[in-house]
Amino acid sequence: MIFAIEEINKNPDLLPNVTLGFRVYDSCAVTQKALDGMLWILTQQAGLALNYICQEKPQIAAIVGPDSSTRSIVLARILGLQRYPQISYFSTSPLLRDRIQFPSFFRTIPSDDAQSHGLAQLVVHFGWTWVGILATNNDYGQQGAEILQAELAQSGVCIAFSESILTKVANKNAFHIVEVIKNSTAKVIVVFSNDANFAPIVDEILKQNVTGMVWIASEAWSTSSLLFKKKYYGILAGTIGFAVHSGEMPGFSEHLNHVHPSRTPDYAFIKDLWEGVFGCKLFDKRSSMNSFGNQTWWCTGSEKLEKFYYGYNDVTHLGISYNVFIAVYAIAYALHDLNACKYGDGPFIHGTCINVLDFQPWQVLQYIKSISFQTNDGARQYFDASGNPPAQYDVINWQLDAEGLLQRTIVGSYGPATTLNQTLVIEVDALQWPSGDNQIPVSVCSVSCLPGFRKATRQGEPMCCFECIACFEGEMSNETDSIKCNKCPKDYWPNENQNGCLQKEIEFLTYDEHVGGSLGIIAIILLIISSIILALFILHKNTPIIKANNRFISYILLLALMMCFSSSLPFIGYPSTVKCLLRQATFGISFALCVSCILAKTIMVGIAFNATKPHSGLRRWAGPQLSYTVTSVGTLIQILFCFTWIICSPPFSQRNTHTKVGKIIIECNEGSQVAFWCMLGYLWVMATICFIMAFLARKLPNSFNEAKYITFSMLAFLSVWLSFIPAYLSTSGKYMVAMEIFAILSSGASLLFCIFLPKCYIIVFGHDMNTKQYLMNRGTFNKCD
């Protein structure tokens, strides 16, 4: 304070021709004495004399102090009644923001709520979600802890424990607190306390050998000399916290070292300082050497403070001293503005101004409210509407140097980034933690859930304590500590780790795979064989074996079989809408034509043999017209049925995402399952009738009785489609399609080979059997052509 006043008085640009003075009163950290001192300063009376001032001018412009929030509240209530300016340098209680109760109170240290906000950001910055809190059981500790807990709760941080340090108890309930710390899994502990109240806790921690904790210090002990002892190094090394911002005060170190009792004989505290530092006694008329004993000697006056380190001349961390420095300058700038006022521009009625040597405290108050000045380090100083300065702290880290000594190192800052919010800046690489390295410690109740899992809180425990449960099938989570698993978008499916979505595999029967390619090749081969047989039949159309079995129906049957084999090909490849619409109808009509032709052949075999009997009435039905009629009617019924199916409930292409996990089956929805099975049922009924008739006619006499071959072919046809039903219903996707193709090809092949292979053998190799005489000698010749 003296340094700031002397500097101001030497500055010709600040309060020119005005000299500042001061009065100092030691409250001895007692509220009653602080109140006495305030009244003494205001009234110049030793006794209590409210509203009575006997001092002569110049009068007191403002009061700087006290350092305690409790004492500041007591003084501020009285000073506020008279609108007397008061600027505290270390009162941090949020209660002092109330301008109704404390209209003339200001401070140059941020409020505890600003510190609590900053410490909460510090905890969140390092990802700690499980922390403990220790706080003294006074306004400073309890209010700071309350605000901190609220801030941490909003950020998702849980409190492992919150314990009060009992200031009125000798050991500060240290044993209980240390037991709580030992039993907790939290590795980070925030301490709202001054050094004197926290020291017994540290002693008990040292006694019980509790190590590995990260201590987060409030500004009240972050720069403490009391705790900066070698025995505490193993416990407090790695401590990180906020310290009151220490700005630049050029020349202050020289000022401290230049102090000498002879220069300021009226300053009693300098005498006490000198005697305390050098362990000697300054001579005065009231003292004698005998009164001090043999262990004390007279001070010579030649002692040098700069040669003696006592903490007194350590200017590396002078946050509180800097706050006093700023408080004095704030008053000086307010008086400077008051002195520089021009009539008409003043803040009072009619723009009047006040004489700097004749003012009222409330008039100075008006100027203090609006001051704004820049410090040596470029920071802007002002008071907001609540009397608070810009919130600014240094982030301090207690680090062991190469020689094993503990150092307080500034590793960051917390201050105003804009007028709307605060910002925390930390040099993470410059930090040293209790482990001795720069690896950020972990303090969590439960380890974070990886993507692919979700959090499930434990019953009766804070939300930071949870279990990690894997996402259910079909769900995923792609964030750490996700609270729920989500389904992937349509057409997507979780990957193997369930931490992302992949495009579902598209499935349909293609020519590129073995099943689809093989069936396609078989279909083409059967189509070619059918074409060869048809060509062979046309080429030998006049031979007895061809003419004996209704060659035109044989041609139609071969063409129908070629259509059947061709109808299997649209089942392979992408199921487009056109394919879905036509493939089942094509297949049904083709097989209906085949079975109708075979049914016509069977009927004609029976009629041909029975027509040879005398007086038989079947002779008139032995012509080819009956075959064409049976074939046409049998096929037309299926055509009408399929046409109705397509019109009323047409098949369509669809994307099936439910049948198989992780796959999209591109398939044809038949539109009406009833229609599909009715179509197959019609074929099965015709095939059954054909089988029965052929079976009855199998023993009719003839060299080449076609009925027995038809019996075998229909038996194979019925067996294929009978086994097709359970196989078809038990499969899905492309294998269901492959099963239907296989049924088409196998049933068509059975018809082709059972009916036409024997005839082809006779045509190619059995020339002696392919004669009219051979056929006539063995039985009745069926001349249907």
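This is a predicted model, so every value here is computed, not measured. (Residues numbered from 1 in each chain as written. Predicted model: local features only at pLDDT ≥ 70, side-chain atom pairs only at ≥ 80, totals over all residues. Heavy atoms only, no water.)

## Looking at the overall build of the protein
Then, number 1: Helix and strand content of the protein: 21 helices and 24 strands.
Then, number 2: Counting every position in the protein, which comprises 785 residues, the buried fraction comes to 49%.
Then, number 3: A fraction of 65% describes how many contacts in the protein between residues 6 or more apart in sequence connect residues 24 or more apart.
Then, number 4: Per element, the accessible surface of the protein, about 38,200 Å² overall, is 58% carbon and sulfur. (Helix = DSSP H or I, 4+ residues; strand = E, 2+ residues; numbered from the N terminus. Buried < 20%, exposed > 50% of the residue type's maximum accessible area, 1.4 Å probe, protein only. Contact = heavy atoms within 4.5 Å. Areas by Shrake-Rupley, 256 points an atom, 1.4 Å probe, with all protein chains shown as cover.)

## A look at the nonpolar core
Then, number 1: Judged by nonpolar contacts, the single largest core of 70 residues is most densely connected at Phe537, Phe587 and Phe756.
Then, number 2: Elements that contribute at least two residues to this core include exactly helix H13 (514-539), helix H14 (544-547), helix H15 (551-567), helix H16 (577-610), helix H17 (624-648), helix H18 (673-696), helix H19 (707-729) and helix H20 (734-764).
Then, number 3: If you tally residues by element for this core, the top one is H20, at 14 residues.
Then, number 4: Excluding its chain neighbours within four sequence positions, the residues that come into contact with Phe587 are Ser567, Phe571, Met679, Leu680, Leu683, Trp721, Glu740 and Ile744.
Then, number 5: Counting 40 residues, the second-largest nonpolar core is a separate cluster that includes Ile8, Ile87, Val328 and Ile331. (Core = buried A, V, L, I, M, F, W, Y, C linked by side-chain atoms within 4.5 Å.)

## Examining the sheet that holds strand E3 (residues 105-107)
Then, number 1: Within the open sheet, the three strands sit side by side as E1-E2-E3. Their pairing is parallel. Here the strands that pair on one side only, and so sit at the sheet edges, are strand E1 (63-64) and E3.
Then, number 2: With two bridges joining them, E1 and strand E2 (residues 86-88) adopt parallel strand pairing. Looking across to E2, one finds that Ile63 is bridged to Gln86. (Pairing = 2+ DSSP bridges.)

## Re the environment of Ser750
Then, number 1: Summarising the element assignment, Ser750 is placed in helix H20.
Then, number 2: In sequence terms Ser750 and Phe717 are 33 residues apart; their C-alpha atoms lie 6.6 Å from each other.
Then, number 3: Setting aside residues up to four positions removed in sequence, Ser750 forms contacts with Ser713, Ala716, Phe717 and Ile755.
Then, number 4: Of note is the side chain of Ser750, whose polar atom sits 2.5 Å from the backbone oxygen of Ser747. (Polar contact = N/O pair within 3.5 Å; in protein donor to acceptor, adjacent residues only side chain to side chain.)

## Some points on the confidence of the model for the protein
Close reading of the predicted structure is inappropriate where its pLDDT is low.
Then, number 1: With 89% of its residues at a pLDDT of 70 or more, the protein has an overall mean of 85.
Then, number 2: Of all helices and strands in the protein, the one with the weakest mean pLDDT is helix H21 (residues 772-778) (60), whereas E3 scores best (97).
Then, number 3: Taken as a whole, residues 289-293 scores under 50 in pLDDT and shows six contacts with residues more than four places along the chain or in a different chain.
Then, number 4: Segment residues 779-785 is flagged for pLDDT under 50; beyond a separation of four residues in sequence, or across chains, it makes 22 contacts in the model. (pLDDT = per-residue confidence, 0-100.)

## Focus: the state of the cysteines
Then, number 1: According to the stated counting rule, one finds eight disulfides in the structure shown.
Then, number 2: Note that Cys449 is cross-linked by a disulfide to Cys468, the S-S spacing being 2.0 Å. Residues Cys449 and Cys468 are joined by a disulfide whose S-S torsion is about -95°; by sign, that bridge is left-handed. Of this pair, Cys449 sits in the loop between strand E15 (422-426) and strand E16 (453-457) while Cys468 sits in strand E17 (residues 466-470), placing them 19 residues apart in sequence. (Disulfide = S-S within 2.5 Å.)

## Structural notes on unusual backbone geometry
Then, number 1: The peptide bond linking Gly65 to Pro66 adopts the cis configuration, its omega dihedral lying at -5°.
Then, number 2: Summarising the element assignment, Pro66 is placed in the loop between E1 and helix H3 (69-81).
Then, number 3: Within the chain, Lys172 stands out as a residue other than glycine whose phi angle is a positive 55°.
Then, number 4: Among the secondary structure elements, Lys172 is positioned in the loop between strand E5 (158-165) and helix H6 (174-183).
Then, number 5: Here the phi dihedral of Gln498 falls at roughly 55°; this positive angle occurs in a residue that is not glycine.
Then, number 6: With respect to the helices and strands, Gln498 occurs in the loop between strand E20 (492-494) and strand E21 (501-503).
Then, number 7: Taking the relative accessible area as the measure of exposure, Gln498 reaches 17% and is therefore buried.

## Digging into helix H2 (residues 31-43)
Residue pairs spaced three or four apart in an α-helix point in one direction, given the helix's 3.6 residues per turn.
Then, number 1: The end-to-end C-alpha distance of H2, which contains 13 residues, comes to 18 Å, matching closely the 18 Å that a straight helix rising 1.5 Å per residue would cover.
Then, number 2: Every buried residue of H2 is listed here: Ala34, Leu35, Gly37, Met38, Leu39, Ile41, Leu42 and Thr43.
Then, number 3: Elements that come into contact with the buried residues of H2 comprise E1 and H3. (Expected span 1.5 Å × (residues − 1).)

## Describing the pattern of salt bridges
Then, number 1: Taken as a whole, this structure holds eleven salt bridges when the rule is applied.
Then, number 2: The closest approach of N and O atoms between Lys663 and Glu507, which form a salt bridge, is 3.4 Å. On the criterion of sequence distance, the pair formed by Lys663 in strand E24 (residues 663-669) and Glu507 in strand E22 (residues 505-507) is long-range, its members being 156 residues apart.
Then, number 3: Lys663 gets classed as partly exposed once you look at its relative accessible area, which sits at 23%.
Then, number 4: A relative accessible area of 3% means that Glu507 is categorised as buried.
Then, number 5: Across the pair Lys734 and Glu513 runs a salt bridge whose closest N-O atoms are separated by 2.7 Å. Note that Lys734 is positioned in helix H20 and Glu513 in the loop between E22 and H13, a separation of 221 residues in sequence.
Then, number 6: Residues joined by salt bridges that share partners form a network here, namely Lys271, Glu275 and Lys281. (Salt bridge = Lys/Arg side-chain N within 4 Å of Asp/Glu carboxyl O.)

## Observations concerning the packing of H13 against H15
The relative placement of two packed helices is expressed as an angle between their axes plus a distance between the axes.
Then, number 1: Packing of H13 against H15 leaves a shortest axis separation of 9 Å and a crossing angle of 165°. Looking at the two axes, H13 sits roughly antiparallel to H15. As H13 runs across H15, the sense of the crossing is left-handed. Contact residues: H13 offers Ala523, Leu526, Leu527, Ser530, Ser531, Ile533, Leu534, Phe537 and Ile538, while H15 offers Ser554, Tyr555, Leu558, Leu559, Leu561, Met562, Phe565 and Ser566.
Then, number 2: Split into classes, the residues belonging to the contact of H13 with H15 amount to 13 nonpolar, four polar and no charged. (Axes fitted to C-alpha atoms, helices over the stretch in contact; angles between N-to-C directions. Parallel < 35°, antiparallel > 145°, perpendicular 65-115°, else oblique. Left-handed = near helix turned anticlockwise from the far one by under 90°. Nonpolar A, V, L, I, M, F, W, Y, C, P; charged D, E, K, R; others polar.)

## Focus on the side chain of His255
Then, number 1: Within the fold, His255 resides in helix H9 (residues 252-258).
Then, number 2: Excluding anything up to four places from it in sequence, His255 contacts Ile2, Phe3 and Glu6.

## Let's talk about the packing of aromatic side chains
The geometry of an aromatic ring pair is captured by two quantities: the separation of the ring centres and the angle between the planes.
Then, number 1: Applying the stated criterion across every chain yields a total of 37 aromatic pairs.
Then, number 2: Pairing Phe228 with Trp398 gives two aromatic rings, centres 5.0 Å apart and planes at 75°, and the pair type is edge-to-face. Placement of Phe228 in the loop between strand E7 (214-217) and helix H8 (233-236) and of Trp398 in strand E13 (residues 393-400) is noted, with a sequence separation of 170 residues between them.
Then, number 3: Ring centres of Phe676 and Trp677 lie 5.1 Å apart, and the angle between their planes is 75°; on these two criteria the pair is classed as edge-to-face.
Then, number 4: Given a relative accessible area of 26%, Trp677 falls into the partly exposed group.
Then, number 5: Linked through ring pairs, Phe587, Phe591, Phe676, Trp677, Phe717, Trp721, Phe724 and Tyr728 together constitute an aromatic cluster.
Then, number 6: Sitting over the face of the ring of Phe228, Arg408 holds its NZ or CZ atom 4.2 Å from the ring centroid.
Then, number 7: We note Lys455 situated over the ring of Phe466; from NZ or CZ to the ring centre the distance is 4.8 Å. (Phe/Tyr/Trp six-rings, centres within 6.5 Å; stacked < 30°, edge-to-face > 60°. Lys NZ or Arg CZ within 6 Å of the ring centre and 35° of its normal.)

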